[in-house]
Amino acid sequence: MTRARKTQWFTALAMTLAAGWMFKIFLFDFSPLPPTSTYPLDLDRLRSLAGDRDLPLRVNSVRIADGAFPEYVVVAGGNRTPVPMAWQTFQVVYADKTVIIDPAQDRARHQAFKFAGAYHDEGWDSMQTALARASLILVTAEHWDHLAGVTASANVELLLPHLLLNEKQLENTTLLEEAGLDAGMRAKVQSLAYEGAHAVAPGMVLLPAPGHTQGSQMIYVRLQDAEELLFVGDVVWSTLNLERRAGHSRLVANLSGEDRERMADQTRALVDLGEHAERGRVHLLIAHDGALTDELIAAGIVGDKLE
Ligand SMILES: [Zn+2]
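Residues numbered from 1 in each chain as written. Predicted model: local features only at pLDDT ≥ 70, side-chain atom pairs only at ≥ 80, totals over all residues. Heavy atoms only, no water.

### Thoughts on the environment of Arg58
Right, on to step 1. Tracing the sequence through the fold places Arg58 in strand 1 (residues 58-70).
Right, on to step 2. Along the sequence, Arg58 and Gln91 sit 33 residues apart, while their C-alpha atoms lie 8.3 Å from each other.
Right, on to step 3. Setting aside residues no more than four positions away along its own chain, Arg58 makes contact with Gln91, Val92, Val93, Leu223 and Glu307.
Right, on to step 4. A distance of 2.7 Å separates polar atoms of two side chains, one belonging to Arg58 and the other to Glu307. (Helix = DSSP H or I, 4+ residues; strand = E, 2+ residues; numbered from the N terminus. Contact = heavy atoms within 4.5 Å. Polar contact = N/O pair within 3.5 Å; in protein donor to acceptor, adjacent residues only side chain to side chain.)

Structure representation (structure tokens):
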């Protein structure tokens, strides 16, 4: 090989490596949040819609299953370290009724999932008892891991009339079919069309958050003792997204069918919520961050048993 040819060859190799490196950064590493958010997370409005009468008394949570995603799946720029993921169900308790948020999946669906870890049958059993008593069942996203607690339940026919899906969730028939909610079942659930923030019960306000899925929503809850909680669902998968100010990578977002820009805008709003001293009183609950829920349980803000 002549000297000139060698130089040519090395230049081509260097350019290929550089292009590969840039492609890797583009696909895996780069998913910054915008400097400011346009997402309307208006606490004053949420508080006024929540009202101050007949507020819920407490919130409980139970762990249904565990697993782990590689860090690079959870957050752009992440490494291969496993990040624990949890599947949990929440219960909002009123003086005269209860509401369930995110009835998580059954054992069979969980074990078929690539990133599955332990499954907690006692969690499933207590969720089923709580579901049977619930006057209302809500989901933050129309995915199987938020719905199969109903669709795979032995009581499914009794539960369906209490399941309230928003219009965008109900229109997402591909995901609903995956979750086991067929057309016959869809005809038996409650449907809600709303725009902007919507009070679904005293002290409980739905907030559309399309991005992770078209029907994704956050749920703001104000308790009688003035504690405030915001169920953010899958807008972020971990507090890592908030700490590092980064969303899912382009690759993960594309494979999951997510609108990464909208999620980045929503995530920015959550970061800002945490940073503002007075607003920081609102406790975030992330659907798949079990450690965050455990902190709230240890602090006495969330109970660890369903009623
Ligand atoms: Zn989820």
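### Concerning the side chain of His288
Right, on to step 1. Looking at where His288 falls in the secondary structure, it is placed in the loop between strand 12 (282-286) and helix 14 (290-298).
Right, on to step 2. Overall, the relative accessible area of 3% leaves His288 in the buried class.
Right, on to step 3. A distance of 3.0 Å separates polar atoms of two side chains, one belonging to His288 and the other to Asp234. (Buried < 20%, exposed > 50% of the residue type's maximum accessible area, 1.4 Å probe, protein only.)

### A word on the coordination of the zinc ion
Right, on to step 1. Protein coordination at the zinc ion comes from Asp145 (OD), His146 (NE2), Asp234 (OD) and His288 (NE2), with a distance range of 2.1 to 2.5 Å.
Right, on to step 2. Taken together, the four donor atoms coordinating the zinc ion and their angles of 83 to 150 degrees define a geometry best described as irregular. (Donors = N, O, S within 2.8 Å, 3.2 Å for Na, K, Ca; no water. Tetrahedral: all angles 85-135°; square planar, octahedral: opposite > 155°, others 65-115°.)

### Side note on the environment of Gly67
Right, on to step 1. Relative to the helices and strands, Gly67 is located in strand 1.
Right, on to step 2. On a C-alpha basis, the gap between Gly67 and Leu284 in space is 21 Å, while along the polypeptide they are 217 residues apart.
Right, on to step 3. Apart from the residues lying within four places of it in its own chain, the contact partners of Gly67 are Val83, Pro84, Met85, Trp87, Phe115, Ala116 and Gly117.

As far as function goes, none of this settles anything; it's purely spatial.
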